[in-house]
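Remarks on the overall topology
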Amino acid sequence: MSGTLYLCATPIGNLEDITFRVVRTLREVDLIAAEDTRNSIKLLNHFEIQTPMTSYHEYNKFEKGRKLVERLLGGENIALVTDAGTPGISDPGEELVKMCYESGISVTSLPGPAACITALTISGRETRRFAFEAFLPSDKKERLQVLEELERETRTMILYEAPHRLVKTLRLLGEHLGEMRPATVCRELTKRHETAFLTTLGEAAAYYEANEPKGECVLVVAGKSREEVDEEKRSRWEGMGIEEHIQMYLDQGMDRKEAMKQAAKDRGVPKREIYNALVHG
(Lines give C-alpha, C1' and ligand atoms only; values in the text may rest on other atoms or scores of the structure.)
Protein backbone atom coordinates (compact mmCIF):
# COMPACT_ATOMS: atom_id res chain seq x y z
CA MET A 1 0.00 0.00 0.00
CA SER A 2 1.45 3.38 -1.05
CA GLY A 3 2.13 6.23 1.34
CA THR A 4 0.76 9.78 1.35
CA LEU A 5 2.28 13.08 0.28
CA TYR A 6 1.57 15.79 2.85
CA LEU A 7 1.81 19.41 1.69
CA CYS A 8 2.77 21.22 4.88
CA ALA A 9 2.35 25.00 5.10
CA THR A 10 5.12 26.63 7.11
CA PRO A 11 5.44 30.19 8.53
CA ILE A 12 6.18 33.07 6.16
CA GLY A 13 7.91 34.98 8.96
CA ASN A 14 6.36 34.41 12.35
CA LEU A 15 7.12 30.93 13.73
CA GLU A 16 3.98 31.04 15.88
CA ASP A 17 1.89 30.67 12.72
CA ILE A 18 2.71 26.99 12.28
CA THR A 19 -0.18 24.66 13.12
CA PHE A 20 -0.17 21.82 15.65
CA ARG A 21 -1.13 19.46 12.82
CA VAL A 22 1.88 20.44 10.71
CA VAL A 23 4.29 19.98 13.62
CA ARG A 24 2.83 16.55 14.40
CA THR A 25 2.94 15.49 10.75
CA LEU A 26 6.54 16.61 10.29
CA ARG A 27 7.46 14.45 13.26
CA GLU A 28 5.52 11.38 12.10
CA VAL A 29 6.40 11.15 8.38
CA ASP A 30 9.33 9.08 7.12
CA LEU A 31 10.91 11.92 5.14
CA ILE A 32 10.66 15.68 4.65
CA ALA A 33 11.29 17.04 1.15
CA ALA A 34 12.40 20.67 1.52
CA GLU A 35 12.98 23.39 -1.06
CA ASP A 36 16.05 24.52 0.87
CA THR A 37 17.27 22.16 3.60
CA ARG A 38 19.52 24.86 5.07
CA ASN A 39 16.50 27.06 5.63
CA SER A 40 14.15 24.31 6.80
CA ILE A 41 16.62 22.89 9.35
CA LYS A 42 16.15 26.08 11.40
CA LEU A 43 12.42 25.40 11.56
CA LEU A 44 12.90 21.75 12.46
CA ASN A 45 15.43 22.58 15.16
CA HIS A 46 13.10 25.18 16.67
CA PHE A 47 10.33 22.59 17.06
CA GLU A 48 12.74 19.75 17.91
CA ILE A 49 11.79 17.72 14.85
CA GLN A 50 14.38 15.09 13.92
CA THR A 51 12.81 13.61 10.78
CA PRO A 52 15.32 13.11 7.91
CA MET A 53 15.29 15.70 5.12
CA THR A 54 16.08 15.67 1.42
CA SER A 55 16.22 18.54 -1.06
CA TYR A 56 13.48 19.06 -3.62
CA HIS A 57 13.71 22.28 -5.63
CA GLU A 58 13.28 23.84 -9.07
CA TYR A 59 16.49 22.37 -10.46
CA ASN A 60 15.94 18.75 -9.45
CA LYS A 61 12.14 18.57 -9.38
CA PHE A 62 11.82 15.92 -12.10
CA GLU A 63 14.73 13.64 -11.20
CA LYS A 64 14.14 13.91 -7.43
CA GLY A 65 10.40 13.81 -7.97
CA ARG A 66 10.65 10.36 -9.52
CA LYS A 67 12.70 9.13 -6.56
CA LEU A 68 10.18 10.51 -4.09
CA VAL A 69 7.33 8.84 -5.98
CA GLU A 70 9.20 5.51 -5.77
CA ARG A 71 9.50 5.88 -2.00
CA LEU A 72 5.83 6.81 -1.70
CA LEU A 73 4.87 3.78 -3.79
CA GLY A 74 6.98 1.74 -1.39
CA GLY A 75 4.75 2.79 1.49
CA GLU A 76 6.65 5.75 2.97
CA ASN A 77 4.87 8.95 3.97
CA ILE A 78 6.55 12.17 2.84
CA ALA A 79 5.99 15.80 3.86
CA LEU A 80 6.74 18.56 1.38
CA VAL A 81 7.72 22.01 2.66
CA THR A 82 8.69 25.15 0.80
CA ASP A 83 10.96 27.94 2.05
CA ALA A 84 7.90 29.66 3.49
CA GLY A 85 4.16 29.38 3.05
CA THR A 86 2.10 26.74 1.29
CA PRO A 87 3.85 24.25 -1.03
CA GLY A 88 2.61 24.16 -4.60
CA ILE A 89 1.99 27.91 -4.84
CA SER A 90 4.58 29.44 -7.13
CA ASP A 91 7.08 26.65 -6.40
CA PRO A 92 8.05 23.21 -7.80
CA GLY A 93 5.65 21.41 -5.47
CA GLU A 94 2.97 21.48 -8.17
CA GLU A 95 5.06 19.09 -10.29
CA LEU A 96 5.38 16.56 -7.47
CA VAL A 97 1.63 16.69 -6.89
CA LYS A 98 1.00 15.91 -10.57
CA MET A 99 3.47 13.01 -10.49
CA CYS A 100 1.78 11.58 -7.40
CA TYR A 101 -1.67 11.65 -8.96
CA GLU A 102 -0.32 10.05 -12.14
CA SER A 103 1.01 7.20 -9.95
CA GLY A 104 -2.14 6.83 -7.87
CA ILE A 105 -0.59 8.26 -4.71
CA SER A 106 -2.76 10.10 -2.18
CA VAL A 107 -2.03 13.80 -1.66
CA THR A 108 -3.36 15.99 1.13
CA SER A 109 -2.73 19.62 2.07
CA LEU A 110 -2.30 20.87 5.63
CA PRO A 111 -3.56 24.46 5.48
CA GLY A 112 -1.62 27.33 6.93
CA PRO A 113 0.26 30.50 5.94
CA ALA A 114 0.20 31.81 2.35
CA ALA A 115 1.71 35.20 1.54
CA CYS A 116 -0.74 35.91 -1.28
CA ILE A 117 -3.84 35.53 0.92
CA THR A 118 -2.24 37.28 3.89
CA ALA A 119 -1.41 40.30 1.71
CA LEU A 120 -4.84 40.37 0.06
CA THR A 121 -6.66 40.46 3.37
CA ILE A 122 -4.73 43.48 4.68
CA SER A 123 -4.47 45.31 1.34
CA GLY A 124 -7.63 47.38 1.59
CA ARG A 125 -8.49 46.24 -1.96
CA GLU A 126 -11.51 44.25 -3.12
CA THR A 127 -11.21 40.63 -2.01
CA ARG A 128 -14.27 38.93 -3.55
CA ARG A 129 -12.57 38.35 -6.89
CA PHE A 130 -8.82 38.13 -7.33
CA ALA A 131 -6.17 36.77 -9.70
CA PHE A 132 -2.84 35.42 -8.45
CA GLU A 133 -0.01 36.08 -10.88
CA ALA A 134 3.00 35.28 -8.64
CA PHE A 135 6.29 36.54 -10.16
CA LEU A 136 6.23 38.12 -13.62
CA PRO A 137 8.05 35.89 -16.16
CA SER A 138 11.76 36.59 -16.65
CA ASP A 139 11.46 36.07 -20.43
CA LYS A 140 10.82 39.48 -22.02
CA LYS A 141 8.30 38.25 -24.62
CA GLU A 142 6.33 36.18 -22.14
CA ARG A 143 6.39 39.02 -19.60
CA LEU A 144 4.91 41.40 -22.20
CA GLN A 145 2.12 38.91 -22.95
CA VAL A 146 1.26 38.64 -19.26
CA LEU A 147 1.27 42.42 -18.82
CA GLU A 148 -1.06 42.82 -21.80
CA GLU A 149 -3.40 40.28 -20.23
CA LEU A 150 -3.32 42.17 -16.92
CA GLU A 151 -4.36 45.36 -18.74
CA ARG A 152 -7.81 43.78 -19.22
CA GLU A 153 -8.08 42.22 -15.76
CA THR A 154 -11.04 43.42 -13.67
CA ARG A 155 -10.19 41.31 -10.61
CA THR A 156 -7.75 42.37 -7.89
CA MET A 157 -4.27 41.18 -8.90
CA ILE A 158 -1.64 39.71 -6.56
CA LEU A 159 2.03 39.57 -7.55
CA TYR A 160 5.23 38.61 -5.76
CA GLU A 161 8.48 40.52 -6.18
CA ALA A 162 11.99 40.60 -4.74
CA PRO A 163 13.11 43.95 -3.30
CA HIS A 164 15.87 44.56 -5.87
CA ARG A 165 13.34 44.25 -8.74
CA LEU A 166 10.44 46.06 -7.07
CA VAL A 167 10.86 49.47 -8.71
CA LYS A 168 11.27 47.97 -12.19
CA THR A 169 8.12 45.90 -11.75
CA LEU A 170 6.14 48.85 -10.41
CA ARG A 171 7.24 50.92 -13.43
CA LEU A 172 6.22 48.14 -15.85
CA LEU A 173 2.84 47.78 -14.21
CA GLY A 174 2.39 51.56 -14.27
CA GLU A 175 3.11 51.66 -18.01
CA HIS A 176 0.50 49.01 -18.74
CA LEU A 177 -2.16 49.61 -16.08
CA GLY A 178 -1.69 53.33 -15.53
CA GLU A 179 0.38 55.08 -12.87
CA MET A 180 -2.78 56.12 -11.04
CA ARG A 181 -3.96 52.53 -10.60
CA PRO A 182 -4.54 51.89 -6.85
CA ALA A 183 -2.10 49.38 -5.36
CA THR A 184 -0.91 48.15 -1.98
CA VAL A 185 2.70 47.13 -1.38
CA CYS A 186 2.92 44.60 1.46
CA ARG A 187 6.29 43.87 3.06
CA GLU A 188 7.66 41.81 5.93
CA LEU A 189 4.34 39.99 6.32
CA THR A 190 3.69 38.58 9.84
CA LYS A 191 6.97 40.07 11.08
CA ARG A 192 7.59 42.91 13.50
CA HIS A 193 8.00 45.53 10.76
CA GLU A 194 5.06 44.39 8.61
CA THR A 195 3.75 47.18 6.38
CA ALA A 196 0.83 47.61 3.99
CA PHE A 197 1.46 50.73 1.90
CA LEU A 198 -1.80 51.86 0.23
CA THR A 199 -0.83 53.98 -2.73
CA THR A 200 -0.78 54.00 -6.55
CA LEU A 201 1.65 52.29 -8.91
CA GLY A 202 3.30 55.58 -9.85
CA GLU A 203 3.62 56.85 -6.28
CA ALA A 204 4.96 53.50 -5.07
CA ALA A 205 7.65 53.45 -7.78
CA ALA A 206 8.75 56.99 -6.88
CA TYR A 207 8.79 56.18 -3.15
CA TYR A 208 10.91 53.05 -3.48
CA GLU A 209 13.31 54.76 -5.86
CA ALA A 210 14.04 57.15 -2.99
CA ASN A 211 13.72 54.57 -0.19
CA GLU A 212 15.42 51.24 -0.81
CA PRO A 213 12.92 48.42 -0.20
CA LYS A 214 13.87 45.50 2.03
CA GLY A 215 12.28 42.09 2.41
CA GLU A 216 10.08 40.09 0.03
CA CYS A 217 7.16 42.09 -1.34
CA VAL A 218 3.61 41.26 -2.33
CA LEU A 219 1.83 43.69 -4.64
CA VAL A 220 -1.95 43.85 -4.51
CA VAL A 221 -3.21 45.86 -7.47
CA ALA A 222 -6.79 46.95 -8.11
CA GLY A 223 -8.36 45.56 -11.26
CA LYS A 224 -9.77 47.70 -14.03
CA SER A 225 -13.01 49.26 -12.82
CA ARG A 226 -16.39 48.42 -14.35
CA GLU A 227 -16.73 52.09 -15.29
CA GLU A 228 -13.50 51.93 -17.29
CA VAL A 229 -14.62 48.75 -19.03
CA ASP A 230 -18.01 50.26 -19.94
CA GLU A 231 -16.38 53.46 -21.18
CA GLU A 232 -13.99 51.49 -23.39
CA LYS A 233 -16.90 49.53 -24.84
CA ARG A 234 -18.79 52.73 -25.62
CA SER A 235 -15.75 54.40 -27.17
CA ARG A 236 -15.43 51.60 -29.74
CA TRP A 237 -18.62 52.80 -31.39
CA GLU A 238 -17.81 56.52 -31.51
CA GLY A 239 -16.37 56.28 -34.99
CA MET A 240 -19.41 54.43 -36.36
CA GLY A 241 -22.65 56.17 -37.30
CA ILE A 242 -25.86 54.99 -35.66
CA GLU A 243 -27.40 53.79 -38.92
CA GLU A 244 -24.20 51.89 -39.76
CA HIS A 245 -24.20 50.41 -36.26
CA ILE A 246 -27.77 49.16 -36.64
CA GLN A 247 -27.08 47.86 -40.15
CA MET A 248 -24.25 45.74 -38.75
CA TYR A 249 -26.78 43.86 -36.59
CA LEU A 250 -29.33 43.68 -39.40
CA ASP A 251 -26.68 41.97 -41.52
CA GLN A 252 -26.30 39.41 -38.71
CA GLY A 253 -29.98 38.49 -38.97
CA MET A 254 -31.51 40.66 -36.21
CA ASP A 255 -34.80 42.47 -36.85
CA ARG A 256 -34.67 46.26 -36.75
CA LYS A 257 -36.19 46.58 -33.26
CA GLU A 258 -33.66 44.17 -31.75
CA ALA A 259 -30.81 45.84 -33.68
CA MET A 260 -31.77 49.25 -32.24
CA LYS A 261 -31.92 47.77 -28.75
CA GLN A 262 -28.46 46.24 -29.07
CA ALA A 263 -26.97 49.42 -30.53
CA ALA A 264 -28.36 51.41 -27.59
CA LYS A 265 -26.82 48.93 -25.18
CA ASP A 266 -23.44 49.14 -26.94
CA ARG A 267 -23.44 52.92 -26.74
CA GLY A 268 -24.76 53.09 -23.19
CA VAL A 269 -27.74 55.24 -24.15
CA PRO A 270 -31.55 54.78 -23.96
CA LYS A 271 -33.20 53.14 -26.97
CA ARG A 272 -35.30 56.32 -27.40
CA GLU A 273 -32.11 58.27 -28.13
CA ILE A 274 -31.26 55.86 -30.97
CA TYR A 275 -34.79 56.20 -32.36
CA ASN A 276 -34.70 60.01 -32.23
CA ALA A 277 -31.31 60.12 -33.92
CA LEU A 278 -32.64 58.01 -36.80
CA VAL A 279 -35.83 60.04 -37.15
CA HIS A 280 -34.15 63.44 -36.99
CA GLY A 281 -30.85 62.42 -38.50
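So, here is what we can say about the structure in this document. Here the structure is a predicted model, which is why all the values come from computation and not from measurement. Counting restarts for each chain, with residues numbered from 1 along the sequence as it is written. pLDDT decides what is reported in this predicted model: residues at 70 or higher carry local features, side-chain atom pairs at 80 or more are listed and counted, and totals for whole chains, interfaces and linings draw on all residues regardless. Only heavy atoms go into the side-chain values, all of them from the structure, while hydrogens and water stay out.

1. A few points about the environment of Q252
Note that Q252 resides in the loop between α10 (242-251) and α11 (256-267). For the pair formed by Q252 and A277, sequence separation is 25 residues and the distance between their alpha carbons is 22 Å. Under the DSSP-based scheme used, a helix requires at least four consecutive residues in state H or I and a strand at least two consecutive residues in state E, with every element numbered from the N terminus.

2. Quick word on empty space enclosed by the protein
Empty space among the atoms becomes apparent when a probe as large as a water molecule is rolled across them. Detection works on a 1 Å grid of protein atoms alone, calling trapped sets that fit a 1.4 Å probe cavities and calling open sets with protein on both sides within 12 Å along at least five of seven lines pockets, with lining residues defined by an atom within 4 Å of a point. Grid points are joined across faces, edges and corners, and a volume is the space filled by probe spheres set on the points. Scanning all chains against the criterion turns up 1 cavity of 30 Å³ or more. In this model, the largest cavity occupies a volume close to 40 Å³. Taken together, A34, E35, Y56, L80, V81, T82, D91, P92 and G93 make up the lining of the largest cavity. Charged residues are taken to be Asp, Glu, Lys and Arg, nonpolar residues to be Ala, Val, Leu, Ile, Met, Phe, Trp, Tyr, Cys and Pro, and polar residues to be all remaining types, Gly included. Its residues assigned to classes, the lining of the largest cavity shows 5 nonpolar, 2 polar and 2 charged.

3. Brief notes about the layout of surface pockets
Of the pockets and cavities examined, the largest pocket occupies roughly 920 Å³. Lining the largest pocket are 30 residues, with A84, S90, F135, Y160 and E216 sitting closest to its centre. Counting only elements with at least two residues in the lining of the largest pocket, the list comes to α5 (115-122), β7 (156-161) and β10 (217-221). For the lining of the largest pocket, the per-class residue count stands at 14 nonpolar, 6 polar and 10 charged.

4. Considerations on the sheet that holds strand β8 (residues 182-187)
Pairing between the strands of a sheet comes from backbone hydrogen bonds, and it takes one of two forms, parallel or antiparallel. Pairing between strands is defined by DSSP: at least two bridges between them are needed. Spatial strand order, β6-β7-β10-β8-β9: 5 strands in an open sheet with mixed pairing. Across the chains shown, the open sheet's two edge strands, defined by having one partner strand only, are β6 (130-134) and β9 (195-200). The mean angle between the axes of side-by-side strands here comes to 20°, regardless of whether they run parallel or antiparallel. Taken together, the 4 bridges between β6 and β7 define a ladder with parallel strand orientation. For A131, the partnering residue across the bridge sits in β7 and is M157. Contact criterion: two residues are considered in contact whenever any of their non-hydrogen atoms come within 4.5 Å of each other. Orientation is described by lines fitted to C-alpha atoms, with helices fitted over the stretch in contact, and by angles between N-to-C directions that extend from 0 to 180 degrees. Each of β8, β9 and β10 is contacted by helix α8 (residues 201-210), which is oriented at about 120° to β9, the strand it contacts most.

5. Observations concerning the packing of helix α7 (residues 166-177) against α8
Axes are the key here: two packed helices are described by the angle between their axes and the distance separating the axes. Remark: α7 packs on α8, axes separated minimally by 9 Å, with the N-to-C direction vectors making an angle of 155°. In this view, α7 runs roughly antiparallel relative to α8, as classed from their interaxial angle. Viewed along their axes, α7 and α8 form a crossing whose handedness is left-handed. Residues L166, V167, L170, R171, L173, G174 and L177 of α7 pack against L201, G202, A204, A205, A206, Y208 and E209 of α8. The residue makeup of the contact of α7 with α8, split by class, is 10 nonpolar, 2 polar and 2 charged. Geometric relationships in this document are graded by angle, where less than 35 degrees denotes roughly parallel, more than 145 denotes roughly antiparallel, 65 to 115 denotes roughly perpendicular, and other angles denote oblique. The sense of a crossing depends on the near helix, which, turned anticlockwise from the far helix by less than a right angle, makes the crossing left-handed and, turned clockwise, makes it right-handed.

6. What about the nonpolar core?
Put simply, buried Ala, Val, Leu, Ile, Met, Phe, Trp, Tyr and Cys residues joined by side-chain atoms within 4.5 Å make one nonpolar core. Note on classification: 1.4 Å probe, protein chains only; a residue is buried when its accessible area is under 20% of the maximum for its type, exposed when over 50%, partly exposed between these limits. Ranked by internal contacts, the top residues of the largest apolar core, which has 21 residues, are L150, L159, L170, L173, L219 and V221. Listed by contribution, the elements that provide at least two residues to this core are α6 (140-151), β7, α7, β8, α8 and β10. Sort the elements by how many residues they give to this core and α7 lands first, with 6 residues. In this structure V221 touches R155, T156, M157, L159, L177, R181, P182, A183 and L201, once residues within four positions along its chain are discounted. Formed by 16 residues, the second largest nonpolar core is a distinct cluster that contains L5, L31, L96 and C100.

7. Let's talk about unusual backbone geometry
With a phi angle near 60°, A134 is a residue other than glycine that sits in the positive phi range. The residue A134 is located in strand β6 in this model. On the basis of relative accessibility, which here comes to 11%, the residue A134 falls in the buried class. Phi at T190 takes a positive value of approximately 70°, unusual for a residue other than glycine. For T190, the position within the fold is in the loop between β8 and β9.

8. With respect to the environment of R165
Tracing the backbone shows R165 in the loop between β7 and α7. By relative accessible area, R165 is classed as partly exposed at 36%. Sequence spacing of R165 and C217 is 52 residues, and the spatial spacing of their C-alpha atoms is 9.9 Å.

9. With respect to the packing of aromatic side chains
Paired rings are identified among Phe, Tyr and Trp, the last through its six-membered ring, by centres lying within 6.5 Å, and are further divided according to the angle between planes into stacked (under 30 degrees), edge-to-face (over 60) and tilted (the rest). Applying the stated criterion across every chain yields a total of 5 aromatic pairs. Between the aromatic rings of F135 and Y160, the centroid separation amounts to 5.7 Å while the plane-to-plane angle is 70°, which identifies the pairing as edge-to-face. Of this pair, F135 sits in the loop between β6 and α6 while Y160 sits in strand β7; the two residues are 25 residues apart in sequence, bridging distant segments of the chain. Classification of Y160 by relative accessible area gives buried; the value is 12%. Three or more aromatic residues joined by ring pairs form one cluster here, namely F132, F135 and Y160.

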